[in-house]
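Residue-level listing of the chains:
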Amino acid sequence: MSETAYGPEQFQAETGVSRETLERFETWRRLLEETSAHTNLVGRGTLTEFWHRHALDSWQVFELMPEARRWADLGAGAGFPGLAIAFALMERHAGKGHVLMVDSVAKKMAFVNQVIRETKAPAIARADRVESIHPVPEVDVVTARAMAPLGKLLGYVHPFVDKGAVALLPKGARYKEELTEARKSWTFEAEVLPSRTSPEAAILKIRGLARV
């Protein structure tokens, strides 16, 4: 099945989400399509692949630590994976939990805040630089999707991991090279978890992070 043939029915069958959660994802998809007509939020070519490339790819991050309630999503962009995680908290934990989403691009956080308002997602979106967050909140999981190469990204997540968070970092086909390069500057425990949306990609589960 091609990504373009992957729609809401397939997403619901694969994830088991309720009709209400599916409607929240559809609201997100609709607003993304409407806003992208005049504001660049994601690659235009990926809009038709929303359910597979964005929705499922984001949902799988939550599934790796489904008991976690406190999340931070850095470089959140148009809300991937943070909004999906917030919807998952509503689905699995009756909204008991929250997601902090941070991105330096104000127009993207304005969009995410619109989705939060319309879906009542348990999330906060802040237009700020990640390194400016003070004090760093205590969370269970910190995640970042397509934000920076791993060596640089570890610098952003380090303050959160230092306070007890586990880092879940989706990475593309070059993740092995990025791991090798990152180990020149950092020591850490890394578990490589397969991606459900690409055989070449992986999600890195990082603990015990410290500078060399």
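Residues numbered from 1 in each chain as written. Predicted model: local features only at pLDDT ≥ 70, side-chain atom pairs only at ≥ 80, totals over all residues. Heavy atoms only, no water.

*Asks:* Please clarify how the overall build of the chain should be interpreted in this entry.
*Replies:* In terms of regular secondary structure, the chain is built from seven helices and seven strands. Computed over its C-alpha atoms, the radius of gyration of the chain comes to 16 Å, within 12% of the 17 Å expected for a compact globule of 212 residues. Taken along the three principal axes of its C-alpha coordinates, the chain extends 45 × 40 × 35 Å. Here the chain holds 212 residues, and 53% of them are scored as buried. Looking at the chain as shown, the accessible area adds up to about 9,800 Å², and 49% of this sits on carbon and sulfur atoms. For the chain, the separation between the mean place of its 28 positive charges and that of its 27 negative charges on side chains is 4 Å. (Helix = DSSP H or I, 4+ residues; strand = E, 2+ residues; numbered from the N terminus. Rg over C-alpha atoms; globule rule 2.2 N^0.38 Å. Buried < 20%, exposed > 50% of the residue type's maximum accessible area, 1.4 Å probe, protein only. Areas by Shrake-Rupley, 256 points an atom, 1.4 Å probe, with all protein chains shown as cover. Lys, Arg positive; Asp, Glu negative; His and termini not counted. Charge placed at Lys NZ, Arg CZ, Asp CG, Glu CD.)

*Asks:* Got a minute to help me understand unusual backbone geometry in this structure?
*Replies:* With glycine set apart, most residues show a phi of negative sign, and most peptide bonds adopt trans. Phenylalanine 80 connects to proline 81 through a cis peptide bond whose omega is 0 degrees. Along the chain, the position of proline 81 falls in the loop between β1 (70–74) and α4 (82–93). Although it is not a glycine, alanine 94 adopts a positive phi angle of roughly 55 degrees. Along the chain, alanine 94 turns up in the loop between α4 and β2 (98–103). We note that lysine 120 has phi near 60 degrees; this positive angle belongs to a residue other than glycine. Tracing the sequence through the fold places lysine 120 in the loop between α5 (106–119) and β3 (123–127).

*Asks:* Explain the sheet that holds strand β5 (residues 166–171) here, please?
*Replies:* The strand order across the open sheet formed by seven strands is β3-β2-β1-β4-β5-β7-β6, and the pairing between neighbours is mixed. The sheet terminates laterally at β3 and β6 (186–194), the two strands that pair on one side only. For this sheet, the mean inter-axis angle between neighbouring strands, taken without regard to orientation, is 20 degrees. Where helix α3 (residues 50–64) meets the sheet, it contacts β1, β4 (141–144), β5, β6 and β7 (202–211), and its direction lies at approximately 55 degrees from that of β7. (Pairing = 2+ DSSP bridges. Axes fitted to C-alpha atoms, helices over the stretch in contact; angles between N-to-C directions. Contact = heavy atoms within 4.5 Å.)

*Asks:* What is the right way to look at the nonpolar core in this model?
*Replies:* For soluble globular proteins, the rule of thumb is that nonpolar side chains tend to be buried together. Membership of the largest hydrophobic core comes to 46 residues, with the highest contact counts inside it found for Phe11, Phe25, Trp28, Trp71 and Phe111. Considering every element that reaches this core, the biggest residue donor is α4, with eight residues. Excluding its chain neighbours within four sequence positions, the residues that come into contact with tryptophan 28 are Phe50, Ala78, Gly79, Phe80, Leu83, Ala84, Phe87, Phe111 and Val115. Core analysis: the next-biggest nonpolar cluster, separate from the first, contains 30 residues, Ile133, Val136, Ala182 and Leu209 among them. (Core = buried A, V, L, I, M, F, W, Y, C linked by side-chain atoms within 4.5 Å.)

*Asks:* In this structure, what is going on with the pattern of salt bridges? I would like to understand it.
*Replies:* Once the charged atoms of two side chains with opposite charge are near each other, the side chains can pair. One pass over the structure, following the stated rule, counts 16 salt bridges. With its nearest N and O atoms 2.9 Å apart, the salt bridge here joins arginine 145 to aspartate 57. Of this pair, arginine 145 sits in the loop between β4 and α6 (150–162) while aspartate 57 sits in helix α3; the two residues are 88 residues apart in sequence, bridging distant segments of the chain. Given the relative accessible area of 16%, arginine 145 is considered buried. Across the pair glutamate 63 and arginine 92 runs a salt bridge whose closest N-O atoms are separated by 3.2 Å. (Salt bridge = Lys/Arg side-chain N within 4 Å of Asp/Glu carboxyl O.)

*Asks:* What exactly am I supposed to notice about the packing of aromatic side chains here?
*Replies:* Geometrically, a pair of aromatic rings is defined through the distance of the ring centres and the angle of the planes. Scanning all chains against the criterion turns up 14 aromatic pairs. Taken together, a centroid distance of 6.0 Å and an interplanar angle of 55 degrees make the contact between tryptophan 59 and phenylalanine 62 tilted. Note that tryptophan 59 and phenylalanine 62 are positioned in helix α3 at a spacing of three residues, about one turn of the helix. Across the pair, phenylalanine 62 and tryptophan 59 agree in class, each one buried. Here the aromatic cluster, defined as three or more aromatic residues joined through ring pairs, consists of Phe11, Phe25, Trp28, Phe50, Trp51, Trp59, Phe62, Trp71, Phe80 and Phe87. (Phe/Tyr/Trp six-rings, centres within 6.5 Å; stacked < 30°, edge-to-face > 60°.)

*Asks:* Explain α6 to me, please; I cannot follow it from the model alone.
*Replies:* Turn by turn, an α-helix covers 3.6 residues, leaving residues three or four places apart pointing in a common direction. Over its 13 residues, α6 extends 17 Å from the first C-alpha to the last, a length consistent with the 18 Å expected when each residue adds 1.5 Å. Along α6, the largest kink reaches about 45 degrees and is centred on tyrosine 156; proline proline 159 follows within four residues of it. Contact partners of the buried residues in α6: β1, β4, β5, α7 (175–182), β6 and β7. Looking one or two residues past α6, glycine 164 carries a phi angle of roughly 110 degrees, positive in sign. (Expected span 1.5 Å × (residues − 1). Bend = angle between axes of the 7 residues up to and from the residue.)

*Asks:* Explain the environment of glutamate 63 to me, please; I cannot follow it from the model alone.
*Replies:* Residue position: glutamate 63 is located in helix α3. Apart from the residues lying within four places of it in its own chain, the contact partners of glutamate 63 are Thr15, Arg92 and Arg196. Of note is the side chain of glutamate 63, whose polar atom sits 2.8 Å from the side chain of tryptophan 59. (Polar contact = N/O pair within 3.5 Å; in protein donor to acceptor, adjacent residues only side chain to side chain.)

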